[in-house]
Amino acid sequence: METISFEQYGLSVHEHTLEVPWDRANPALGTLEVFARELVADESLPYLLYLQGGPGNPVPRPVEITGWMAEALKHYRIVLLDQRGTGRSTRIDKASLIDDRLYPLLRADSIVADAEDLRAALEIEQWDVLGQSFGGFCITHYLSVAPESARYAYFTGGLPSINRHADEVYRATFKKLEARQQEFFEEIPFAESRIREICHHLDNADERLSSGERLSSRRFRTVGVGLGRGVGFGDLAALLEAPFHKVGGEKRLRTDVLADIGERVSFEKAPLYGVVHESIYGGTVPGATAWSAQRVSEGLEGFHPDASPTESGPFYLTGEHIFPFQFEEDPALMPFRDVAEKLANKDDWAQLYSPDALADVPTVCAAAVYTDDIYVPRELSLETAESIRDVRVWETSDLQHDGIRRAGEEVFARLYASVRERG
């Protein structure tokens, strides 16, 4: 392992780079680099590994030390791991494609194996772990295979279902999204009619994003993913308030609105999120995921990707759901179309979670569960919590899925105190 150290933010910063195998069972597939940034206020404090949400997102780059990081640094030296394929851990994008055989190696089991190699390289016997969203999925696998490595585990919006097919997970997320969207329509009276107006316009007009491709109504509807964030209502309302103007007497979307939409619907910054997202649910039950979100949406009123905005009945935006059409329409995803199809059809995924191990895990856990979470439904999270030996759940309706970003100091402080209470 190579380490570079310097001072920043009033802290000691250690940047670690470690070479690891793509597949520990098949060394012939080669190696990749894994990167982690360590933030230290006090060298005597224990280690906290942070696992980012996603999948396919790099760990946040701290611009200033606030929120959960500021609170955690009172108790820990923080290790921020770029999960493989992201950030400085051999980033994968349309300009750096890899062998198709390697994409199944981007799930929680490989990420946890990388974390274990990093822990060994740092000569740490045990650390604590914090996982946001998909990071919590990774921790659940961690506790299934190497519980002795984690003293305490903190989950924020990230207790996954450990025994349900992707179809059941997506039905639950669509149900949560429907309720959230109805609340949005009630709070923002013009929202529903404006969404229908934009989609009808896109079905009948050639509107181009700055990257050159035509914007379809079904792709526009994916902006609903923002409804699961703390400022989601206000943010989406601002996008919808005045989207049109007249150009030469013709109704057109404003160029600034198109630029805003383009940023929301593009996977340029994190293509792996689209490529491997559905595969994180593979193996909880046997069989392929088979484009689960697409199939489930087609059977739900208002969510079909090709639903008409002019017909009576519900008409909804979609959320954290990946559809085959995105690999036909998003330039960032087009090069991954074939590998995405292979992942959707893969039917021999390994089970990532061990109910038996979790029922007897020595690690003390605390979990923030968000009542209205449209990404990781609280009902499935609470079901999993019942399967873990010692997990202290804090459920709140005051925060959304990004609670650690909006109120990180409070969230982390609650979880930190919770694991130290007498069980």
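Residues numbered from 1 in each chain as written. Predicted model: local features only at pLDDT ≥ 70, side-chain atom pairs only at ≥ 80, totals over all residues. Heavy atoms only, no water.

Asker: What should I look at first to understand the packing of aromatic side chains in this one?
Answerer: Each pair of aromatic rings is reported with the distance of its centres and the angle of its planes. Considering all chains together, one arrives at 17 aromatic pairs under this definition. A ring pair is formed by F303 and Y316, whose centres lie 4.8 Å apart and whose planes are at 35 degrees; its orientation type is tilted. Here the residue F303 occupies a position in the loop between α10 (292–298) and α11 (326–329), and Y316 occupies one in the loop between α10 and α11, the gap between them amounting to 13 residues. Residues F303 and Y316 agree in their burial class; the two are buried. In textbook terms, an aromatic cluster arises when at least three aromatic residues are bridged by ring pairs, as seen for Y50, W68, Y76, Y154, F412 and Y416. Here R221 stacks its cationic end above the ring of F315, 4.6 Å away from the centre of that ring. (Phe/Tyr/Trp six-rings, centres within 6.5 Å; stacked < 30°, edge-to-face > 60°. Helix = DSSP H or I, 4+ residues; strand = E, 2+ residues; numbered from the N terminus. Buried < 20%, exposed > 50% of the residue type's maximum accessible area, 1.4 Å probe, protein only. Lys NZ or Arg CZ within 6 Å of the ring centre and 35° of its normal.)

Asker: For this particular structure, what's the right way to read the packing of helix α7 (residues 232–240) against helix α8 (residues 255–265)?
Answerer: A packed helix pair is summarised by two numbers, namely the angle formed by the two axes and the spacing between the axes. Packing of α7 against α8 brings their axes to within 10 Å, and their N-to-C directions diverge by 140 degrees. In this view, α7 runs oblique relative to α8, as classed from their interaxial angle. Contacts from D235, L236 and L239 in α7 reach V257, D260, I261 and R264 in α8. Of the residues in the contact of α7 with α8, the class split is 4 nonpolar, no polar and 3 charged. (Axes fitted to C-alpha atoms, helices over the stretch in contact; angles between N-to-C directions. Parallel < 35°, antiparallel > 145°, perpendicular 65-115°, else oblique. Contact = heavy atoms within 4.5 Å. Nonpolar A, V, L, I, M, F, W, Y, C, P; charged D, E, K, R; others polar.)

Asker: In this structure, what is going on with the nonpolar core? I would like to understand it.
Answerer: The tendency in soluble globular proteins is for nonpolar side chains to be buried side by side. In terms of nonpolar packing, the biggest core is built from 109 residues, with Y103, W127, F220 and V275 touching the most fellow members. For this core, the leading source of residues is helix α4 (residues 166–187), giving 8 residues. For V275, the residues in contact, after removing those within four places along its chain, are Y103, F327, L333, F336, V339 and L343. V59, I78, L80 and V419 belong to the second-largest nonpolar core, a separate cluster that totals 29 residues. (Core = buried A, V, L, I, M, F, W, Y, C linked by side-chain atoms within 4.5 Å.)

Asker: Got a minute to help me understand the sheet that holds strand β4 (residues 47–51) in this structure?
Answerer: Strands in a sheet are paired, the pairing made by backbone hydrogen bonds, and the direction either parallel or antiparallel. Taken in spatial order, the 9 strands line up as β1-β2-β3-β5-β4-β6-β7-β10-β11 in an open sheet, and their pairing is mixed. Unpaired on one side and paired on the other, β1 (2–8) and β11 (391–396) mark the two borders of the sheet. Strand-to-strand twist across the sheet, computed as the mean angle between neighbouring axes with direction ignored, equals 20 degrees. Here β4 runs beside strand β6 (residues 127–132); their pairing, made up of 4 bridges, is parallel. The partner of L49 across the bridge, within β6, is V129. The strands touched by helix α3 (residues 134–145) within the sheet are β4, β6, β7 (150–156) and β10 (364–370), with β6 carrying the most contacts at an inclination of about 140 degrees. Packed onto the sheet, helix α14 (residues 378–385) meets β10 and β11 and runs at close to 160 degrees relative to β11. (Pairing = 2+ DSSP bridges.)

Asker: Hey, could you run me through the side chain of E213 in this one?
Answerer: Position of E213 among the secondary structure elements: in the loop between α5 (191–204) and α6 (217–220). Relative accessible area serves as the criterion here: at 11%, E213 is assigned to the buried category. Side-chain polar atoms of E213 contact the side chain of S211, separated by 2.5 Å. Residues contacting E213, with those up to four places away along its chain left out, are E207, R208, R219, E329 and P331. (Polar contact = N/O pair within 3.5 Å; in protein donor to acceptor, adjacent residues only side chain to side chain.)

Asker: Would you mind showing me how to read the pairing of β10 here?
Answerer: In the case of a regular strand, side chains alternate between the two sheet surfaces. Counted residue by residue, β10 has 7 buried out of 7 residues, so it is predominantly covered. Judged by which residues are buried, β10 turns out to be covered on both faces: V364, A366, A368 and Y370 on one side and C365, A367 and V369 on the other are all buried. As paired elements, β7 and β10 share 5 bridges and run parallel to each other. Each residue of the ladder has a partner; that of Y152, found in β10, is V364. When β10 meets β11, the two strands line up parallel, connected through 6 bridges. Note that in β11 the partner of V369 across the bridge is E395. Regarding topology, α14 serves as the crossover connection from β10 to the parallel β11, and that connection is right-handed. (Right-handed = clockwise from strand over helix to strand, strands pointing away.)

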